[in-house]
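An overview of the molecular structure
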Amino acid sequence: MGVCVTKASPAQAAAPTPLDRVIPAPASVAPGGAPYRITRGTHIRVDGSREARRVAEYLADLLRPSTGYRLPITTYGQGGIRLRLADGDFGAEGYRLSSTPRALTISAGTPAGLFHGVQTLRQLLPAAVEKDTVQPGPWPVAGGTVEDSPRYGWRGAMLDVSRHFFTVDQVKRYIDQLALYKINKLHLHLSDDQGWRIAIDSWPRLATYGGSTEVGGGPGGFYTKADYKEIVRYAASRYLEVVPEIDMPGHTNAALASYAELNCDGVAPPLYTGTEVGFSSLCVGKEITYDFVDDVVRELAALTPGRYLHIGGDEAHSTSHEDYVKFMDRVQPVVAKYGKTVVGWHQLTGATPAKGALAQYWGLDRTSAEEKARVVKAAQGGTGVILSPADRVYLDMKYTEQTPLGLSWAGYVEVRRSYDWDPGAYLPGLPAGAVRGVEAPMWSETLENSEHIEYMAFPRLPGVAELGWSAAGSRDWERYKVRLAAQAERWDALGVEWYRSPQVPWGVAGQ
Ligand code: TNX
């Protein structure tokens with residue numbers, strides 16, 4: 001007997017993945033007909049547009065290593081894989097995927113829609129397609145049609161690069177994992193007490209000194225402007241918009257340590273490598289504070305093609321309420337002056353959110369009724385809300401008491417708890433239209449490398465992505481957990497770390 005003794009027979013291996021075994025669950029699926037097959041002769045066909053060609057190149061790069069096929073991109077011929085920008089009722093990110101023996105066609109109104117359709121195609125192919133060496137195939141895609149578009153326009157993931165620094169390559173690796181689940185915002189937490197991670201030319205010590213360490217005293221690091229542009233470019237090539245955050249007026253020890261004049265007493269504190277929060281504040285009464293904010297926001301806005309700039313505003317325990325309100329009243333117009341829309345943690349609703357601002361809610365079940373009511377009231381007044389409840393979607397929370405990484409201040413968050421809630425009905429009284437979507441923050445006090453990030457993100461991240469994309473009515477844990485189990489083979493093929501939650505029937509679906 002050979003090494004294949006425990007493997008599925010070729011006939012079983014060739015059974016295509018059912019069209020509905022995709023995460024996030026598509027809006028509608030109509031299975032039927034014989035499968036499409038990618039073969040040595042397959043072309044990827046595009047219309048003339050440069051952007052459709054870019055998506056086609058991404059798809060070809062994805063498929064070539066494992067299939068070993070040439071997969072030329074052409075603008076002529078028939079059949080094959082076709083990426084088509086078309087008029088139609090697709091919305092900004094929707095697509096239609098149709099699979100017949102003759103052709104596999106993805107149609108969308110925008111390049112982002114084509115890209116999301118490509119992610120669906122990817123999940124419909126055998127998991128071995130993710131490997132970087134030639135695999136035997138075959139490469140079938142079940143017959144039928146998927147029509148799909150998202151519930152929410154904001155489907156985010158946040159990475160805290162301050163508590164521990166992550167390199168450009170580590171961020172890119174996470175971006176690729178986010179793209180597989182149709183996440184479209186990458187929020188980077190660029191500054192905190194433990195480190196300032198973005199070069200600001202007018203205040204150079206922020207990065208060179210303020211970025212020189214991290215939690216635990218490691219060497220830290222920062223992104224040069226060229227590094228940062230590369231992250232933004234890479235994210236855009238995966239249709240993610242980068243949302244930079246400078247956390248203010250609290251969480252600012254790294255800045256205060258870098259420039260003595262930013263402190264009310266004119267004395268720079270030492271760099272900080274612990275994990276306490278709430279002890280630092282910019283000096284609200286000093287004019288230089290606003291010169292600093294103006295310079296930082298201007299330079300960061302210039303690096304940001306995206307619409308949003310996040311100004312933090314959480315846990316400002318060392319700033320009086322009066323000062324907090326004063327600070328936010330002065331800083332929000334600066335963001336607008338440089339052409340960006342304010343996002344803040346939901347404490348911003350305790351001040352006066354600017355017109356059009358978004359509040360990111362990170363409370364939990366036990367958050368006080370008053371605090372929830374403030375968010376609801378702001379939403380009734382027009383403030384949009386992004387939902388990041390800590391006891392559901394904080395990816396740095398331990399799964400169980402035994403989880404070796406992570407924190408537990410919001411409780412343990414197993415996979416089901418993370419998935420099984422409705423963003424549309426989460427905060428009682430919140431106008432439905434106020435919810436812009438969901439975001440999964442990854443704070444990095446305990447996380448030092450990609451393996452750590454992945455172990456905490458998988459398997460929870462796909463669930464958050466599904467809450468952001470799929471219709472409320474499709475949420476069903478019993479069915480979801482089977483689709484989730486089927487993803488494990490893909491993570492293994494990609495070399496992604498993951499937590500083997502006992503809540504999920506690993507090894508049942510398609511393995
Ligand atoms: C709370 S959530 C924080 C962060 C911590 C995180 C750890 C929020 C806006 N602030 O400063 O890193 O908890 O889970």
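To be clear, the structure that these remarks concern was listed above.
Structural notes, computed from the coordinates. (Residues numbered from 1 in each chain as written. Predicted model: local features only at pLDDT ≥ 70, side-chain atom pairs only at ≥ 80, totals over all residues. Heavy atoms only, no water.)

Here we take up the overall build of the protein chain. Secondary structure assignment for the protein chain yields 15 helices and 19 strands. Relative to the 2.2 N^0.38 estimate, which gives 24 Å for 511 residues, the radius of gyration of the protein chain is 24 Å and therefore close to what a compact globule would have. Considering only C-alpha atoms, the protein chain reaches an extent of 75 × 50 × 45 Å along its principal axes. Out of the 511 residues belonging to the protein chain, those deemed buried represent 59%. Contacts spanning at least 24 positions in sequence make up 75% of the contacts within the protein chain whose residues lie at least 6 apart. Element-wise, carbon and sulfur atoms account for 51% of the exposed surface of the protein chain, whose accessible area totals about 19400 Å². (Helix = DSSP H or I, 4+ residues; strand = E, 2+ residues; numbered from the N terminus. Rg over C-alpha atoms; globule rule 2.2 N^0.38 Å. Buried < 20%, exposed > 50% of the residue type's maximum accessible area, 1.4 Å probe, protein only. Contact = heavy atoms within 4.5 Å. Areas by Shrake-Rupley, 256 points an atom, 1.4 Å probe, with all protein chains shown as cover.)

Let us look at the state of the cysteines. Two cysteines, two sulfur atoms, one covalent bond between them: this is a disulfide. In this structure the tally under the stated criterion is one disulfide. The disulfide that involves Cys264 links it to Cys283, with 2.0 Å between the sulfurs. With the S-S bond torsion at 100°, the cross-link from Cys264 to Cys283 turns out right-handed. Note that Cys264 is positioned in the loop between α7 (253-258) and α8 (287-302) and Cys283 in the loop between α7 and α8, a separation of 19 residues in sequence. Taking the relative accessible area as the measure of exposure, Cys264 reaches 60% and is therefore exposed. (Disulfide = S-S within 2.5 Å.)

Each pair of packed helices can be described by the angle between their axes along with the distance between the axes. Interhelical geometry of α8 versus helix α9 (residues 321-337) gives an angle of 30° and a closest axis separation of 10 Å. Relative to α9, the element α8 is oriented roughly parallel. The element α8 and its partner α9 pack so that their crossing is right-handed. Within the contact between the two elements, α8 uses Glu287, Thr289, Tyr290, Val293, Asp294 and Val297 and α9 uses Phe327, Arg330, Val331, Val334, Val335 and Lys337. (Axes fitted to C-alpha atoms, helices over the stretch in contact; angles between N-to-C directions. Parallel < 35°, antiparallel > 145°, perpendicular 65-115°, else oblique. Left-handed = near helix turned anticlockwise from the far one by under 90°.)

This brings us to the side chain of Glu241. For Glu241, the position within the fold is in strand β14 (residues 241-248). When its relative accessible area of 13% is taken as the criterion, Glu241 is described as buried. Here Lys185 takes part through its side chain, which lies 3.2 Å from a polar atom of the side chain of Glu241. Of the polar contacts made by the side chain of Glu241, one reaches the side chain of Arg307; its length is 2.7 Å. (Polar contact = N/O pair within 3.5 Å; in protein donor to acceptor, adjacent residues only side chain to side chain.)

Around the ligand, a shell composed of 14 residues is seen, among which Arg163, Tyr394, Asp396, Trp409 and Glu445 lie nearest. Within the side chain of Asp314, an N or O atom sits 2.8 Å from a nitrogen atom of the ligand. A distance of 2.8 Å separates an oxygen atom of the ligand from a polar atom in the side chain of Trp409. Isolated, the ligand exposes 360 Å² of accessible area, and the fraction of that covered by the protein chains is 97%. (Near = heavy atom within 4 Å.)

Time to look at the packing of aromatic side chains. For the coordinates displayed, the defined rule picks out 26 aromatic pairs. Seen in terms of ring centroids, Trp203 and Phe292 are 5.3 Å apart; in terms of plane orientation they differ by 85°. Their pairing is edge-to-face. Placement of Trp203 in the loop between β13 (195-196) and α5 (205-208) and of Phe292 in helix α8 is noted, with a sequence separation of 89 residues between them. Arranged with centres 5.3 Å apart and planes meeting at 55°, the rings of Phe458 and Trp491 form a pair that is tilted. With a gap of 33 residues between them, Phe458 in the loop between α13 (450-457) and α14 (460-469) and Trp491 in helix α15 (residues 477-494) connect regions that are remote in the sequence. (Phe/Tyr/Trp six-rings, centres within 6.5 Å; stacked < 30°, edge-to-face > 60°.)

So, on to the nonpolar core. Among the nonpolar cores identified, the biggest contains 143 residues, and Tyr174, Trp196, Ile198, Tyr223 and Phe292 are the most heavily contacted of them. Looking at this core element by element, the count peaks at eight residues for helix α2 (residues 50-67). Counting ten residues, the second-largest nonpolar core is a separate cluster that includes Ala390, Tyr394, Ala410 and Val413. (Core = buried A, V, L, I, M, F, W, Y, C linked by side-chain atoms within 4.5 Å.)

In this structure, Ser501 sits in the segment after α15. Assessed through its relative accessible area of 0%, Ser501 is described here as buried. Linking Ser501 and Glu57, residues 444 residues apart in sequence, is a C-alpha distance of 36 Å. Look past the residues within four positions of Ser501 in its chain and what remains in contact with it is Glu414, Val415 and Trp506. Side-chain polar atoms of Ser501 contact the side chain of Glu414, separated by 2.9 Å. A polar contact of 3.1 Å, which involves the side chain of Ser501, links it to the backbone nitrogen of Gln503.

Along its 13 residues, helix α6 (residues 225-237) runs 18 Å from first to last C-alpha, staying within 8% of the 18 Å computed at 1.5 Å per residue. Within the sequence span of α6, burial applies to Lys225, Tyr228, Ile231, Val232, Tyr234, Ala235 and Ser237. Turning to α6, the residues buried within the fold contact α3 (111-124), α4 (168-180), β11 (185-189), β14 and α8. Phi for Tyr239, located one or two positions after α6, is positive at around 60°. (Expected span 1.5 Å × (residues − 1).)

For the structure on display, the rule yields 27 salt bridges. A cluster of three or more residues bridged by salt bridges with shared partners is formed by Asp160, Arg163, Asp192 and Glu445. (Salt bridge = Lys/Arg side-chain N within 4 Å of Asp/Glu carboxyl O.)

Overall, mixed pairing links the seven strands, which are arranged β1-β9-β6-β7-β5-β3-β4 in an open sheet. The open sheet terminates on both sides in strands that have one partner only, identified here as β1 (28-31) and β4 (73-74). Two strands pair when backbone bridges link them, and strand β3 (residues 44-46) and β4 are joined in this way by two bridges, in the parallel orientation. The partner of Arg45 across the bridge, within β4, is Thr74. (Pairing = 2+ DSSP bridges.)

A barrel is described by the order of its strands in space; here eight strands give the closed sequence β10-β11-β14-β15-β16-β17-β18-β19, paired in parallel fashion. The average angle at which neighbouring strand axes cross in this sheet is 30°, direction not considered. As judged from the five bridges shared by strand β10 (residues 154-160) and β11, these two strands associate in the parallel manner. Bridging from a neighbouring strand, Asp160 pairs with His189 of β11.

Moving on, we come to the pairing of strand β15 (residues 308-312). Along β15, five of the five residues are buried, which leaves the element largely enclosed by surrounding structure. Of the two faces of β15, the one holding Tyr308, His310 and Gly312 and the one holding Leu309 and Ile311 are both buried throughout. Here β14 runs beside β15; their pairing, made up of two bridges, is parallel. When the sheet's bridge partners are listed, Met248 is paired in β15 with Gly312. Sheet topology places β15 next to strand β16 (residues 341-345); three bridges connect them, and they run parallel. Its bridge partner being in β16, Tyr308 is matched across the sheet by Thr341. In this view, the connection linking β15 to its parallel neighbour β16 by way of α9 has right-handed handedness. (Right-handed = clockwise from strand over helix to strand, strands pointing away.)

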